[in-house]
Amino acid sequence: MKGFQAGIKNFNEADSQILGISVDAAPSLKRFSDDLQLEFPLLSDFPNRNTAKAYGVLMAERGIASRTTFVIDKDGKIAEIIADGRPAPHNEASIAACQRIKK
């Protein structure tokens, strides 16, 4: 999330909105957001994890979701999925995808 926050200016210039979605409970996300001083919302998918299930990223046996970035266009369609297996945020690839769909 720090990477996305660091690139917030680039996302804003690409006319994009960042939303973080986690299977963690809302109070935990609030603390996390406050600690990192995030300027974008974190949404809780707890306890049912329906969003993670719907997007195919829930690792049910571990109770977590894989770190995946979905770039969604203004029509609500997935324009790009960025999932390279690294734990780091996908901010550079995400910014590039947002810039492509802005055109």
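No experiment lies behind these values; they were computed from the predicted model shown.

(A) Seen up close, the layout of surface pockets. In this structure, the largest pocket spans a volume of roughly 1,400 Å³. Along the walls of the largest pocket sit 45 residues, with Met1, Leu19, Gly20, Ile21 and Thr68 positioned nearest its centre. For the lining of the largest pocket, the secondary structure elements donating two or more residues are helix H1 (2-6), strand E1 (20-22), helix H3 (26-36), strand E2 (42-44), helix H4 (50-54), strand E4 (64-65), strand E5 (69-72) and helix H5 (91-102). In terms of residue class, the lining of the largest pocket is made up of 26 nonpolar, 11 polar and 8 charged.

(B) Broad picture of the environment of Ile78. Mapped onto the fold, Ile78 is located in strand E6 (residues 78-82). Classification of Ile78 as partly exposed rests on a relative accessible area of 42%. Ignoring any residue separated from it by four or fewer positions in sequence, one finds Ile78 in contact with Tyr55, Phe70, Val71 and Ile72.

(C) View of the nonpolar core. Phe4, Phe11, Ile18, Phe40, Leu42, Val71 and Cys98 are the most contacted members of the largest nonpolar core, which totals 14 residues. Mapped onto this core, the elements with two or more residues apiece are helix H2 (8-13) and H5. If you tally residues by element for this core, the top one is H5, at 3 residues. Those residues in contact with Ile18 that sit more than four places away from it in its chain are Phe4, Ile8, Phe11, Phe40 and Pro41.

(D) Structural context of the packing of aromatic side chains. Inspection of every chain in the model, using the stated rule, returns 2 aromatic pairs. Between Phe4 and Phe11, the ring centres sit 5.8 Å apart and the planes meet at 45 degrees, which makes this aromatic pair tilted. For Phe4, a relative accessible area of 10% gives the class buried. Look at Tyr55 and Phe70: their rings are 4.7 Å apart centre to centre, the planes differ by 70 degrees, and that puts the pair in the edge-to-face class. Of the two residues, Tyr55 sits in the loop between H4 and strand E3 (58-59) while Phe70 sits in strand E5, which places them 15 residues apart along the sequence. A relative accessible area of 22% means that Phe70 is categorised as partly exposed.

Parameters at a glance
Residues numbered from 1 in each chain as written. Predicted model: local features only at pLDDT ≥ 70, side-chain atom pairs only at ≥ 80, totals over all residues. Heavy atoms only, no water. 1 Å grid on protein atoms, 1.4 Å probe; cavity = no way out; pocket = protein on both sides within 12 Å on 5 of 7 lines; lining within 4 Å. Points joined across faces, edges and corners; volume = space filled by probe spheres on them. Helix = DSSP H or I, 4+ residues; strand = E, 2+ residues; numbered from the N terminus. Nonpolar A, V, L, I, M, F, W, Y, C, P; charged D, E, K, R; others polar. Buried < 20%, exposed > 50% of the residue type's maximum accessible area, 1.4 Å probe, protein only. Contact = heavy atoms within 4.5 Å. Core = buried A, V, L, I, M, F, W, Y, C linked by side-chain atoms within 4.5 Å. Phe/Tyr/Trp six-rings, centres within 6.5 Å; stacked < 30°, edge-to-face > 60°.

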